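This is what each chain is made of:
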2 protein chains.
Amino acid sequence: MPDTTKFVLTEKQLPSYWANVLPSLKEPMAPPLHPGTKQPLTPADLAPIFPMALIEQEMSMQPQIDVPGEVLDIYRLWRPTPLFRARRLERALDTPAHIYYKYEGVSPAGSHKPNTAVAQAYYNKQAGIKRLATETGAGQWGSALALACTLFGMDCTVYMVKVSYHQKPYRRLMITSWGAEIFPSPSDKTNSGRAILEQSPDSPGSLGIAISEAVEDAATHPDTNYSLGSVLNHVCLHQTVIGLECKEQMALAGESPDVVIGCFGGGSNFAGIALPYLLDKLNGSPVRLLAIEPTACPTLTRGNFDYDFGDTAELTPLLKMYTLGHRFVPPKIHAGGLRYHGAAPLCSHLLHHGWIEARAYQQLDVFEAAMQFAKTEGVIPAPESSHAIKAAVDEALAAKQEGRKRTILFNLSGHGHFDMSSYENYLAGKLENFGFESELKQ
Amino acid sequence: MPDTTKFVLTEKQLPSYWANVLPSLKEPMAPPLHPGTKQPLTPADLAPIFPMALIEQEMSMQPQIDVPGEVLDIYRLWRPTPLFRARRLERALDTPAHIYYKYEGVSPAGSHKPNTAVAQAYYNKQAGIKRLATETGAGQWGSALALACTLFGMDCTVYMVKVSYHQKPYRRLMITSWGAEIFPSPSDKTNSGRAILEQSPDSPGSLGIAISEAVEDAATHPDTNYSLGSVLNHVCLHQTVIGLECKEQMALAGESPDVVIGCFGGGSNFAGIALPYLLDKLNGSPVRLLAIEPTACPTLTRGNFDYDFGDTAELTPLLKMYTLGHRFVPPKIHAGGLRYHGAAPLCSHLLHHGWIEARAYQQLDVFEAAMQFAKTEGVIPAPESSHAIKAAVDEALAAKQEGRKRTILFNLSGHGHFDMSSYENYLAGKLENFGFESELKQ
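Let me begin by describing the structure that accompanies this report.

Basis of the calculations
- All residue numbers here refer to positions counted from 1 along the written sequence of the relevant chain.
- Going through the entries in the order they are written, you letter the chains from A and number the ligands from 1.
- Only residues with pLDDT of at least 70 are given local features in this predicted model, and only at 80 or more are side-chain atom pairs given and counted; all residues enter the totals for whole chains, interfaces and linings.
- Computation of side-chain values: all heavy atoms of the structure, hydrogens and water removed.
- Residue exposure (1.4 Å probe, protein chains only): buried if accessible area is under 20% of the type maximum, exposed if over 50%, otherwise partly exposed.
- Numbering of helices and strands starts at the N terminus; helices are DSSP runs of H or I of at least 4 residues and strands are runs of E of at least 2.
- Note on pairing: two strands pair once DSSP finds at least 2 bridges between them.
- Convention used here: a crossover is right-handed provided that the path from the first strand, over the helix, to the second strand proceeds clockwise when the strands point away from the viewer.
- Ring pairs are drawn from Phe, Tyr and Trp, using the six-membered ring of Trp, whenever the two centres fall within 6.5 Å, and their geometry is named by plane angle: stacked under 30 degrees, edge-to-face over 60, tilted for the rest.
- Working rule: Lys NZ or Arg CZ, within 6 Å of ring centre, within 35 degrees of ring normal, means a charge sits over the ring.
- For cavity detection a 1 Å grid was placed over the protein atoms alone, and a set of points counts as a cavity when a 1.4 Å probe fits there but cannot get out; an open set counts as a pocket when protein lies on both sides within 12 Å along at least five of seven lines, with lining residues being those that have an atom within 4 Å of a point.
- Grid points are joined across faces, edges and corners, and a volume is the space filled by probe spheres set on the points.
- Any residue that is not Ala, Val, Leu, Ile, Met, Phe, Trp, Tyr, Cys, Pro, Asp, Glu, Lys or Arg is counted as polar, Gly included; the first ten are nonpolar and the last four charged.
- What makes two residues a contact is simply this: any of their non-hydrogen atoms within 4.5 Å.
- Buried area counts how much accessible surface, traced with a 1.4 Å probe, disappears from two parts once they are put together, with both parts' losses summed.
- By salt bridge we mean one thing: a side-chain nitrogen of Lys or Arg within 4 Å of a carboxyl oxygen of Asp or Glu.
- Within 3.5 Å is the distance limit for a polar contact, defined as a pair of N or O atoms, with the added protein rule that one can donate a hydrogen and the other accept it, and that residues adjacent in sequence qualify only through two side-chain atoms.

### A word on the pairing of strand E10 (residues 259-263) of chain A
Residue and element names in this part refer to chain A.
- Of all five residues in E10, five are buried; the element is thus mostly enclosed.
- Strand direction decides the pairing type here: E10 and strand E11 (residues 288-294), joined by five bridges, are parallel. When the bridges of E11 are listed, Gly262 appears paired with Ala291.
- Regarding topology, helix H12 (residues 268-282) serves as the crossover connection from E10 to the parallel E11, and that connection is right-handed.
- As paired strands, E10 and strand E15 (residues 407-412) are joined by three bridges and run parallel to one another. Considered in E15, the bridge of Val260 is made with Leu409.

Laid out in structure tokens, this is it:
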């Protein structure tokens, strides 16, 4: 099939397990610490907000974890997702590189986020939990969890960063259409929210504040648990369904990637596509794994590798991770999903030990790549995912300069249907760059 | 495979031809008439605004028309589209019926419209045309043609009904993101537009007015042609790729539909899924073909079968069709794509001779079905497509009442990502019904 563009799998080929890299790591990960005692966290510490099945996955040493049948039953509403060879983009770049992209935008919520939302809702329902509380920034995660909860008949409460609540009405409406309740954060529903409102009644909110509110909500209601859309090991685990499918699809294409790319906010979509390839790399494969973040929030390329809180109110465990500090407030770039001060401890660990690379891009360069993609491959990408596109383009141009083939695989983690005003601002010349111009850690 | 949910085809299984039903019709269709002479239209009459290849397709007697390689090359950016069995909806309805839906929302524009936009752009480019002019209501068609033009490196001008231009900013932004120019209609760019503005400077516009503007633009610029997103034979022809894929996918499912359903505005998405099955019906198959329209614009169920203009300014040929009159202005329902006074002459002919059925639904019933679908199958559907969902639900409930299996296939022609404000209004109890409560022509 020399000219195949779209590599599809039947639902029989849907992976029946998630790939857990924890038992294969060469170096031990630093444990999360209790925020009060500073001692390594125990399962009992997490029990007030997570079901035991997810706590076990957080530290499991089983290399493969079965996907429950009811989760598979929902996955196949959109999975396996298609893998495309970006032949039209390759032609536009006049490159010898082969560019492949995995398209997660076909999920009902339009991104990769439901892969873990569905799993988390399932395990919570099994544990007798009636309601899930969570935070959301731009709304990708909140909409994914609202979808998962409605499919399992559970209630869902979303604390949405106030500035996004007002600026991104369509994602907010998607969340309410699936039956979830939603509050602009900081809200008057929690002590954390009220404390912020008292100090600054006009606070635009932040992901850190919204996390504090959702965690508090879960911790203070016995029938309610907390659900996190990124960062944690079990979230990265659930996303490995992406990379596992890619491996089957790249086999159909008769190729193997030289470099695997994902954009990076908290780390879940990068982990999803990269971790199954990490297992090869740990066994000697030369594949490069490349995480892309915005210069406006350069956690991996400029942060410190240290213990830090996941939230503003210091309610979460201390996680050993690359961090810009838990009070860091990034500029208002349009890739809202990449505006987080920290990074998944697992991905931080891999970067620290040289298993993965990180690179940061400026906002305008990212939108330029997004436009080129939209005009060649058709799909209007999410600003977050466009960071991966920019890197794929750069890798393809590097291959051209070398005059050698390079096989590039990236995760197109979502579409941009709810980001059209960002494109309007870009086309009107109203977007600006943030952060450093040089010194990229590559 | 007793429990398969998603039926996928490889791109090798993408149909290589469109199915043309014209040579198989049992009764002759009435020809289109010249608006001035009232004589049957000749190919030369259409040449100022259409390329000869499309004019030939408009009246072709070949049963199969090859899809050009360059069109296939673009189709496979999203085609073949998936066919799903709606098992979760079936369970919610507790019905013995099997419900299948073809999901066209996976295209970059989010609907079935690119199937013909790509073909039309291709044939126009082959004919040396540099620019296409068109109208759009809610924006589905305008975004599809903007996508097709950017993929072929052509210019595109879209006249968007003014009220939608302001109320649907996201679709407008999608059109501009793909590089098309867009004017709110009535505009000061054409004589037709200026005439309306002179009479009523605050005119909200209508599809009929926007068509007049686009046709005039094309007729007065030698390098520019006109492109229509529905109604005409060649548009219905290009959409048959939908039904042809369905037949392959239903064979994978080991079933054959008892009833095939599509929502109906101008007729192209209904024609796309139904016409390949019409060929079976013309050969004795008992399959029912069911077109669904809103009671607010009941062209098929309440219109007259007569010659009428396609536009307000009486620039188009006279078409023999079900029509509410070319000056009919439907109420502002949220299914903007179904607000057209006329119906495809081909579908009108089939209805008149009893080959297809038509049914009309109230807006609130349609949104109720849409919500049920979103909460069981996940996808938030376009309000237009939700008319087909409502009919599928009713067919499934009828099967339940009979206590007999019924195999139902409907076209989910697009997602509702750009219609979230409609859902907001529905959930807030702000939507109303329009039109008749009884006397549905079934």
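There's more to say after this.
### Description of unusual backbone geometry
- Look at the link from Arg79 of chain A to Pro80 of chain A: it is a cis peptide, with omega at -10 degrees.
- Note on placement: Pro80 of chain A falls in the loop between helix H3 (69-75) and strand E4 (83-85).
- With a phi angle near 70 degrees, Val231 of chain B is a residue other than glycine that sits in the positive phi range.
- Mapped onto the elements of the fold, Val231 of chain B is located in the loop between strand E9 (224-226) and helix H11 (233-253).
- The buried category is assigned to Val231 of chain B, whose relative accessible area is 4%.

### Concerning the packing of aromatic side chains
- Inspection of every chain in the model, using the stated rule, returns 29 aromatic pairs over all chains.
- Between Tyr75 of chain A and Trp78 of chain A, the ring centres sit 6.3 Å apart and the planes meet at 65 degrees, which makes this aromatic pair edge-to-face. As far as burial versus exposure is concerned, Tyr75 of chain A and Trp78 of chain A are alike and both buried.
- Pairing Phe367 of chain B with Tyr426 of chain B gives two aromatic rings, centres 5.4 Å apart and planes at 25 degrees, and the pair type is stacked. Separated by 59 residues along the polypeptide, Phe367 of chain B in helix H15 (residues 363-377) and Tyr426 of chain B in helix H17 (residues 420-427) bring together distant segments of the chain.
- Here the aromatic cluster, defined as three or more aromatic residues joined through ring pairs, consists of Phe84, Tyr101, Phe373 and Phe410 of chain A.
- The ring of Tyr165 of chain A has Arg172 of chain A lying over it, and the distance from NZ or CZ to the ring centre is 4.7 Å.

### Details of the layout of surface pockets
Residues and elements named next belong to chain A.
- By volume, the largest pocket is sized at about 810 Å³.
- Together, 39 residues line the largest pocket, and Pro32, Leu41, Leu46, Pro317 and Leu319 are the ones closest to its centre.
- Of all elements in the fold, only helix H1 (43-46), helix H2 (52-58), helix H10 (207-219), helix H11 (233-253) and strand E13 (318-323) reach the threshold of two or more residues within the lining of the largest pocket.
- Element by element, the count of residues in the lining of the largest pocket is highest for H10, at four residues.
- In terms of residue class, the lining of the largest pocket is made up of 29 nonpolar, five polar and five charged.

### With respect to the interface of chain B and chain A
- At the junction of the two partners, chain B supplies 50 residues and chain A supplies 50 residues.
- When chain B packs against chain A, close to 4,300 Å² is buried across both sides, 57% of that on carbon and sulfur atoms.
- Taken together, the connections running from chain B to chain A amount to six salt bridges.
- Between Glu424 of chain A and Arg172 of chain B there is a salt bridge, with its nearest N and O atoms 3.9 Å apart.
- Applying the counting rule to chain B against chain A returns 25 residue pairs in polar contact (both at pLDDT 80 or more).

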